[in-house]
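# Analysis of the macromolecular model
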Amino acid sequence: MLDRSEGPRFRGLYVQGSVVVLDVAMARELYAMGYYGKPLGVPKPKGPDFEAPLVLDLIEARYLAENGFLEVYREGRRLELEELVELGRRHYSRYDELCAVYSDLKRRGFHVTSGIKFGSDFAAYVYGPGIDHAPFIVLVRKEDDQLTASDVIRAGRLSRSVRKNFFIAVPDIATGRVRYLTVNKAEL
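Given the structure is predicted, the values throughout are model-derived calculations rather than measurements.

Our next topic: helix 4 (residues 95–107). Here helix 4 spans 18 Å end to end across 13 residues, near enough to the 18 Å set by a 1.5 Å rise per residue. Of all 13 residues making up helix 4, 12 are buried, and the element is well covered by its neighbours. All of the buried residues along helix 4 are Tyr95, Asp96, Glu97, Leu98, Cys99, Ala100, Val101, Tyr102, Ser103, Asp104, Leu105 and Lys106. Count one or two residues on from helix 4 and you reach Gly109, which has phi positive near 95 degrees.

Put into structure tokens, the structure is as follows:
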């Protein structure tokens, strides 16, 4: 684990809705720390042996910045955490909710990546992408979102087609608590 006593260890540059870690050695170390980001031009990395910058989405960047591992720069100036959060809110309509669920999954020990290829917000791995298959995918909903029968049926069908358990996560931003509704992949 990294020692945060010296301050942020990683540096990234805000570029059009993402944060790029340009230093390859730093990018490899950050990726090895928890499968953060995606190495630029490497579709399915099997480990931190790439020779490319690392692209972080704004959810990962916020998590790393909040936990004291990452500082983000834009136009030569270090961004304050609040500025990074504002950029995220402009880029994602449910940014605070997505970040709350991402943080909760990380606290629970999962490696979390984008779930877009599975039709969800996140995919969660026990060991890591390229090592095991994600046992579940997560869709994030706001507390006041309506959940219809069609939504549940769609989640069940998606879960079955990608052979993963499907969770609908509902974060309470005020308390930081996240509730999960499970849609099992089992055939009905």
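Back to the write-up after that little detour.
Structurally, Glu86 can be placed in helix 3 (residues 81–91). In sequence terms Glu86 and Thr182 are 96 residues apart; their C-alpha atoms lie 31 Å from each other. In terms of polar contacts, Glu86 uses its side chain to reach the side chain of Arg89, at 2.9 Å.

A word on the packing of aromatic side chains. How two aromatic rings sit relative to each other is given by the distance of their centres and the angle of their planes. Inspection of every chain in the model, using the stated rule, returns 9 aromatic pairs. Judged by centre distance (5.4 Å) and plane angle (80 degrees), the rings of Tyr31 and Tyr35 are edge-to-face. Summarising the burial analysis for this pair, Tyr31 and Tyr35 share the class buried. What links up through ring pairs into an aromatic cluster is the set Tyr36, Tyr63, Tyr102 and Phe122.

Taken over all residues, the pLDDT of the chain has a mean of 88, while the share at 70 or more is 93%. Strand 2 (residues 18–21) holds the highest mean pLDDT among the elements of the chain, 98, whereas helix 5 (residues 149–162) holds the lowest, 73.

Reading the values: rules and limits
Residues numbered from 1 in each chain as written. Predicted model: local features only at pLDDT ≥ 70, side-chain atom pairs only at ≥ 80, totals over all residues. Heavy atoms only, no water. Helix = DSSP H or I, 4+ residues; strand = E, 2+ residues; numbered from the N terminus. Expected span 1.5 Å × (residues − 1). Buried < 20%, exposed > 50% of the residue type's maximum accessible area, 1.4 Å probe, protein only. Polar contact = N/O pair within 3.5 Å; in protein donor to acceptor, adjacent residues only side chain to side chain. Phe/Tyr/Trp six-rings, centres within 6.5 Å; stacked < 30°, edge-to-face > 60°. pLDDT = per-residue confidence, 0-100.

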